[in-house]
Amino acid sequence: MPEIASVNGEITAIEKAFVSINDRGFVFGDGVYEVIVSYRNKLFLFDEHIERLRRSLRYVRMDYVDVEDIIAQIERAFDAADMPRAKVYVQVTRGAARRNHVFPDPPVKPNVIVTVSEFPPVDEKLFEDGIACLTRADIRWGRVDIKTINLLPNCLAKQEALDNGCLEAILIGEDGEVREATAANVFIVRKEKVITHPDNERILCGITRNAVLALCHKAGYQVEERPAPLEEMMLADEVFLSGTTAEVMPVVRVDDQPIGKAKPGPVAARLRQLFQAWINTSS
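Residues numbered from 1 in each chain as written. Predicted model: local features only at pLDDT ≥ 70, side-chain atom pairs only at ≥ 80, totals over all residues. Heavy atoms only, no water.

**So, the environment of Gln-273**
Logical step 1: Relative to the helices and strands, Gln-273 is located in helix 8 (residues 266-282).
Logical step 2: Expressed as a C-alpha distance, the spacing of Gln-273 and Val-248, which sit 25 residues apart in the sequence, is 9.2 Å.
Logical step 3: Within the structure, the side chain of Gln-273 is placed 2.5 Å from the side chain of Arg-270, a separation counted as a polar contact. (Helix = DSSP H or I, 4+ residues; strand = E, 2+ residues; numbered from the N terminus. Polar contact = N/O pair within 3.5 Å; in protein donor to acceptor, adjacent residues only side chain to side chain.)

Laid out in structure tokens, this is it:
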């Protein structure tokens, strides 16, 4: 099936979808988003994504938006696309209004954009061989726990990673702490202890991150949610990423230095196995 879009409930071919040039998402980045994937025709962890969308809307003072209507638009678009493995992008902006930093008063109708595209399986070779990352300074705004559409710093770091033969960039705070990657959370393993940054304003608390933490407990791994310095990551036995599209991805090199034995480790492999089993039983 072709990719489709839904703009305020109107479903069309993706290349025919449009919004006003005065849309505040386009002009100011004034909006929030979610990315949800499906396995075997079922949206994965859908309720958790919707709850995070509600939180983002509340923070940016768009809690007047009808989330139940957004859910209906997502479901209609997903059903119309008829893609068993799909990536559903949901964006909600403050709407179209004359350019002014102040919010429209009274509020204008928000623009709700849903696109549905194919979500091909991740190349198994990446899981088998692991990926390389580089580190870059975290130059994002101070509330990255809110899933806004302001992603230019992420794009710059991601492109620099690709330019240097890596698949991801890991962002390091001014304090030297490992925070997260441009589109994934970071986990460090030392002596089978799993360490990841705590859920606060310095990271986006990933839906998959929370799922992986639950799997860590199920597998009997000790978990520490705390900041880790860059030096600790470089000395780790394993490093892996988690994300909606990355799933559980082992990292074998950072800044051209090997991590552990420079090959995927047993903890990441076990967690990916459990994650795949979860997908199979919940879809």
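**Structural notes on unusual backbone geometry**
Logical step 1: At the junction of Asp-105 and Pro-106, the peptide bond is cis and its omega measures out at 5° in the coordinates.
Logical step 2: Backbone geometry at Glu-192 places phi at a positive 65°, although glycine is not the residue there.
Logical step 3: Secondary-structure assignment places Glu-192 in the loop between strand 10 (185-190) and strand 11 (193-196).
Logical step 4: A relative accessible area of 52% means that Glu-192 is categorised as exposed.
Logical step 5: Unusually for a residue other than glycine, Ala-262 sits at a positive phi of about 60°.
Logical step 6: In this fold, Ala-262 is placed in the loop between strand 16 (257-258) and helix 8. (Buried < 20%, exposed > 50% of the residue type's maximum accessible area, 1.4 Å probe, protein only.)

**Observations regarding the environment of Arg-58**
Logical step 1: With respect to the element layout, Arg-58 can be found in helix 2 (residues 46-59).
Logical step 2: Between the alpha carbons of Arg-58 and Ala-77 there is a distance of 24 Å; along the sequence they are 19 residues apart.
Logical step 3: Apart from the residues lying within four places of it in its own chain, the contact partners of Arg-58 are Glu-51 and Asp-63. (Contact = heavy atoms within 4.5 Å.)

**Digging into the pairing of strand 5 (residues 86-93)**
Logical step 1: Buried residues dominate strand 5, accounting for six of its eight residues.
Logical step 2: Note that strand 3 (residues 31-39) and strand 5 share seven bridges and pair antiparallel. Its bridge partner being in strand 5, Tyr-33 is matched across the sheet by Gln-91. (Pairing = 2+ DSSP bridges.)

**Regarding the packing of aromatic side chains**
Logical step 1: In this structure the tally under the stated criterion is six aromatic pairs.
Logical step 2: Linked through ring pairs, Tyr-39, Phe-44, Phe-119, Phe-275 and Trp-278 together constitute an aromatic cluster.
Logical step 3: A cation over an aromatic ring shows up here: Arg-94 above the ring of Phe-103, its NZ or CZ 3.6 Å from the ring centre.
Logical step 4: Between Arg-272 and the ring centre of Phe-127, over which it is positioned, the NZ or CZ distance is 3.6 Å. (Phe/Tyr/Trp six-rings, centres within 6.5 Å; stacked < 30°, edge-to-face > 60°. Lys NZ or Arg CZ within 6 Å of the ring centre and 35° of its normal.)

**Observations concerning the side chain of Asn-154**
Logical step 1: By secondary structure assignment, the location of Asn-154 is in helix 5 (residues 152-163).
Logical step 2: The class of Asn-154 is buried, set by a relative accessible area of 10%.
Logical step 3: Setting aside residues no more than four positions away along its own chain, Asn-154 makes contact with Arg-140 and Thr-182.

**Quick notes on the packing of helix 6 (residues 207-219) against helix 8**
Logical step 1: Look at helix 6 against helix 8: their axes get within 10 Å of each other, and the N-to-C directions meet at 110°. Our classification of the angle between helix 6 and helix 8 gives roughly perpendicular. The two elements helix 6 and helix 8 meet at a crossing, and its hand is right-handed. Residues Thr-208, Ala-211, Val-212, Leu-215, Cys-216 and Ala-219 of helix 6 lie in contact with helix 8, whose contacting residues are Leu-271, Leu-274, Phe-275 and Trp-278.
Logical step 2: Split into classes, the residues belonging to the contact of helix 6 with helix 8 amount to nine nonpolar, one polar and no charged. (Axes fitted to C-alpha atoms, helices over the stretch in contact; angles between N-to-C directions. Parallel < 35°, antiparallel > 145°, perpendicular 65-115°, else oblique. Left-handed = near helix turned anticlockwise from the far one by under 90°. Nonpolar A, V, L, I, M, F, W, Y, C, P; charged D, E, K, R; others polar.)

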